[in-house]
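# Results of the structural survey
One-letter residues, chain by chain:
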Amino acid sequence: MKHTEFIDAFADRNEDEEILRADGLDEACIGWTDSWNGDERNIRLVYDIGKVVNILQERDGMTYEDAVEFFDFNIAGAYLGKGTPVFINSLINTAEYYM
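The text that follows walks through the structure, step by step, so that each part is easy to find.

About the thresholds
- Residues numbered from 1 in each chain as written.
- Predicted model: local features only at pLDDT ≥ 70, side-chain atom pairs only at ≥ 80, totals over all residues.
- Heavy atoms only, no water.
- Helix = DSSP H or I, 4+ residues; strand = E, 2+ residues; numbered from the N terminus.
- Buried < 20%, exposed > 50% of the residue type's maximum accessible area, 1.4 Å probe, protein only.
- Contact = heavy atoms within 4.5 Å.
- Areas by Shrake-Rupley, 256 points an atom, 1.4 Å probe, with all protein chains shown as cover.
- Lys, Arg positive; Asp, Glu negative; His and termini not counted.
- Charge placed at Lys NZ, Arg CZ, Asp CG, Glu CD.
- Patch = residues over 30% accessible without salt bridge, like charges linked within 9 Å, V, L, I, M, F, W, Y side chains within 5 Å.
- Salt bridge = Lys/Arg side-chain N within 4 Å of Asp/Glu carboxyl O.
- Phe/Tyr/Trp six-rings, centres within 6.5 Å; stacked < 30°, edge-to-face > 60°.
- Core = buried A, V, L, I, M, F, W, Y, C linked by side-chain atoms within 4.5 Å.

When helices and strands are tallied, the chain shows four helices and three strands. Its C-alpha atoms put the chain at 40 × 30 × 25 Å along the principal axes. Per-residue burial for the chain yields a buried fraction of 33% across its 99 residues. Across the chain, the fraction of contacts at a sequence separation of at least 24, relative to all contacts at a separation of at least 6, is 52%. Accessible area of the chain: about 6,900 Å², with a carbon and sulfur share of 51%. When the 8 positive and 21 negative side-chain charges of the chain are each reduced to one mean point, those points stand 6 Å apart.

Here we come to a negative patch on the surface. On the surface, a cluster of negative charge is contributed by Glu65, Asp66, Glu69 and Asp72. Checked against the element boundaries, Glu65 lands in helix α3 (residues 64-76). Overall, the relative accessible area of 55% leaves Glu65 in the exposed class.

So, on to the packing of aromatic side chains. A full pass over the atoms with the stated rule returns five aromatic pairs. Ring plane angle 35 degrees and centroid distance 4.8 Å describe the contact between Phe10 and Trp32, whose orientation is recorded as tilted. You can see Phe10 sitting in helix α1 (residues 3-13) and its partner Trp32 sitting in strand β1 (residues 29-37), a full 22 residues away along the chain.

Here we take up the side chain of Asn42. Structurally, Asn42 can be placed in strand β2 (residues 40-48). The buried category is assigned to Asn42, whose relative accessible area is 11%. When near neighbours in sequence (up to four residues on either side) are disregarded, Asn42 contacts Thr33, Asp34, Ser35, Asn37 and Lys82.

Attention now goes to the nonpolar core. Ranked by internal contacts, the top residues of the largest apolar core, which has 19 residues, are Leu25, Leu45, Tyr47, Val52, Phe71, Ile75 and Phe87. Among the secondary structure elements, those contributing two or more residues to this core are α1, β2, α2 (49-60) and α3. Here the element with the most residues in this core is α2; it accounts for five residues. Sequence-distant contacts of Ile75, defined by excluding residues within four places in its chain, comprise Leu25, Val52, Leu56, Phe70 and Phe87.

Nothing here speaks to function; it is all geometry.
Next up, the structure:
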């Protein structure tokens, strides 16, 4: 199952929830999170930042620096409500930075 098909099926299965996707970045989706804020349930898609940056570089021809800046300002900085996707730095992508 491709990422797009998974996200479509996941959203259909959870139609009572406001599940938002990052447009054009389905291949960077690595799962979802299910959490509670008081009595309110939040189900949100989770994306790998390293994969997002790679997509921006390959698809849009951005340099690494431009892709990171675009991500920070236009994607990570966008709050669209309780269903806003979560973006994580994976241990694999950040190990060299901290070691």
